[in-house]
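So you can see what is in the structure, the chains are spelled out below.
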Amino acid sequence: MFSLLLNQYRRTLILFLVLALIIILEMVQFRAAIYPGLLPIFEWVRYSSWIGILGTTYGSIYATVEAGHLLSMATIGGVVLATDLRLLGIVFRDVPSETLTRGTHKVFKLALVVAILTGIFCAAGVADKVYYMQVFWFKMLVLAVGSGFVFFIKQPLLNSMPHAQINPWLLRLLAITSILIWFTVAATGRWIGFS
Amino acid sequence: MINELLLQFAQWLYAQSYSQMLLAGYYSYNWVEATHVLTLMLSIGSLFIIDFRMLGLILPNVPASTIANRLHKPMIIGFAIMFITGFLLVYAKPVETVQSLWFRIKMILLVCAFINAWIFNARLKAAEGSWDMDPVAPKNLRTGAIISLVLWCGVVTMGRYIPYDWVDCVNVENPTILWAAGCVEQLQAL
């Protein structure tokens, strides 16, 4: 029974263990203890690392990478909306949702990698500012939750069986959760820009 | 002549109280800008999926016409929101925007992107049924998809450049750039 559960829901269990660990660490004030220690790292990234120097010295490179970040986020948004609106039965009703979710996942992964790499570059140029922004840390948390949700819950579940065998309300819940998470990631990015 | 007319029009827009109210309201301007940027996910996101399908990079086992037809409506809704919010952003800062070189390049790229979309749609309709299930579109549609991707990447990049002041009228002395950016007063002062 235990080994069956472990094999079938291995990724989900890992995610829950990670979440439990984060809660425990939060309860023992781990985050509060390490937060001041992160400042020198952020200052080093901003003033001494090559990405920080490149981003602050050459505004044109920084703006171009920002555009790349926006384009990768747009691609993520397009894939998320197409697949999740299909799960909600709003678009692509004549295309099997299995085909759509599997066929777009590679592009999603590629766009996510580009978004993360360009995001690191953009954050490096203003690392000493984002360190003090609550919205930056909130975005990082939502991004981590979103990535965990996609790779440990949504995709394994959608790939595990034909979607007709999954409770339709569970599919709708997955789709709405996914749209909300990625919209929050994008919106908090804009919020950082305003702060 | 065209630069003078555009500047006069921008100054007339700026003289309106709603223009200044939109810019002065911290949340109003930011909400409009945030909506403009976030709608990229709907408009450009849908467009990229269609273009990627034409190039055979995504969903090769789904008919290309199905992808294009089903994403057409969300994409148009996205672009409609982007144009309304884009107009409001220009309305809030008309003089600054009209004299931005990046904004002008962006508008030229936008026109090119729409001409390309119009030709692409005509070709798509003309070829309907003949290749729908092929994993890759015919060469003329692939070319249209690549041009579309390049033009829209350019539009987004130019949009990102607009807030930067590298080629603002007060920072440039080159007459060609001043003319291209529409810096009327600086050109007259030369």
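Here the structure is a predicted model, which is why all the values come from computation and not from measurement.

**A few points about the overall build of chain A**
And then number 1: The helix and strand tally for chain A stands at nine helices and zero strands.
And then number 2: Put simply, chain A runs from its N terminus to its C terminus through helices and strands in the order α-α-α-α-α-α-α-α-α.
And then number 3: Classification of the 195 residues of chain A by burial places 32% in the buried group.
And then number 4: The contacts in chain A between residues at least 6 apart in sequence include a share of 80% that link residues at least 24 apart.

**Observations concerning the overall build of chain B**
And then number 1: A tally of helices and strands in chain B yields ten helices and zero strands.
And then number 2: Going from N to C terminus, chain B has its helices and strands arranged as α-α-α-α-α-α-α-α-α-α.
And then number 3: Overall size of chain B, expressed as C-alpha extent along the three principal axes, is 60 × 35 × 25 Å.
And then number 4: Restricting the contact set of chain B to residue pairs at least 6 apart, pairs at least 24 apart contribute 73%.

**Details of the environment of I77 of chain B**
Residue and element names in this part refer to chain B.
And then number 1: Locating I77 in the fold gives a position in helix α5 (residues 64–92).
And then number 2: The class of I77 is partly exposed, set by 14 C-beta atoms lying within 10 Å.
And then number 3: Counting along the chain gives 44 residues from I77 to E33, while the straight-line C-alpha distance between them is 17 Å.

**Digging into the environment of V111 of chain B**
And then number 1: Checked against the element boundaries, V111 of chain B lands in helix α7 (residues 101–126).
And then number 2: Along the sequence, V111 of chain B and L151 of chain B sit 40 residues apart, while their C-alpha atoms lie 9.7 Å from each other.

**Side note on the interface of chain B and chain A**
And then number 1: Listed per partner, the contact involves 28 residues of chain B and 28 residues of chain A.
And then number 2: Per-element accounting of the side of chain B that touches chain A gives the leading share, nine residues, to helix α4 (residues 40–54) of chain B.
And then number 3: When grouped by side-chain class, the residues that make up the side of chain B that touches chain A number 20 nonpolar, six polar and two charged.

**A look at helix α5 (residues 59–87) of chain A**
All names here are of chain A.
And then number 1: Compared with the 42 Å implied by 1.5 Å per residue over 29 residues, the 42 Å span of α5 between its first and last C-alpha is a close match.
And then number 2: With 24 of 29 residues buried, α5 lies mostly within the body of the structure.
And then number 3: A positive backbone phi angle near 75 degrees is found at G89, which sits one or two residues after α5.

**Digging into the nonpolar core**
And then number 1: L70, A74 and I76 of chain A together with M41, I49 and I67 of chain B are the most contacted members of the largest nonpolar core, which has 70 residues in total.
And then number 2: Residues contacting I67 of chain B, with those up to four places away along its chain left out, are I49, I50, R53, L59 and V62 of chain B.

**As for unusual backbone geometry**
And then number 1: We note that F92 of chain A has phi near 50 degrees; this positive angle belongs to a residue other than glycine.
And then number 2: With respect to the element layout, F92 of chain A can be found in the loop between α5 and α6 (97–125).
And then number 3: In this structure, L59 of chain B takes a positive phi of about 45 degrees despite not being glycine.
And then number 4: On the secondary structure map, L59 of chain B appears in the loop between α4 and α5.
And then number 5: Note on L59 of chain B: 23 C-beta atoms within 10 Å, which makes it buried.

Conventions used here
- Residues numbered from 1 in each chain as written.
- Chains lettered and ligands numbered in written order.
- Predicted model: local features only at pLDDT ≥ 70, side-chain atom pairs only at ≥ 80, totals over all residues.
- Helix = DSSP H or I, 4+ residues; strand = E, 2+ residues; numbered from the N terminus.
- Buried ≥ 20, exposed ≤ 12 C-beta atoms within 10 Å, placed from the backbone.
- Contact = placed C-beta atoms within 7 Å.
- Nonpolar A, V, L, I, M, F, W, Y, C, P; charged D, E, K, R; others polar.
- Expected span 1.5 Å × (residues − 1).
- Core = buried A, V, L, I, M, F, W, Y, C linked by C-beta atoms within 7 Å.

Note that all results are geometric; they support no functional claim without further evidence.
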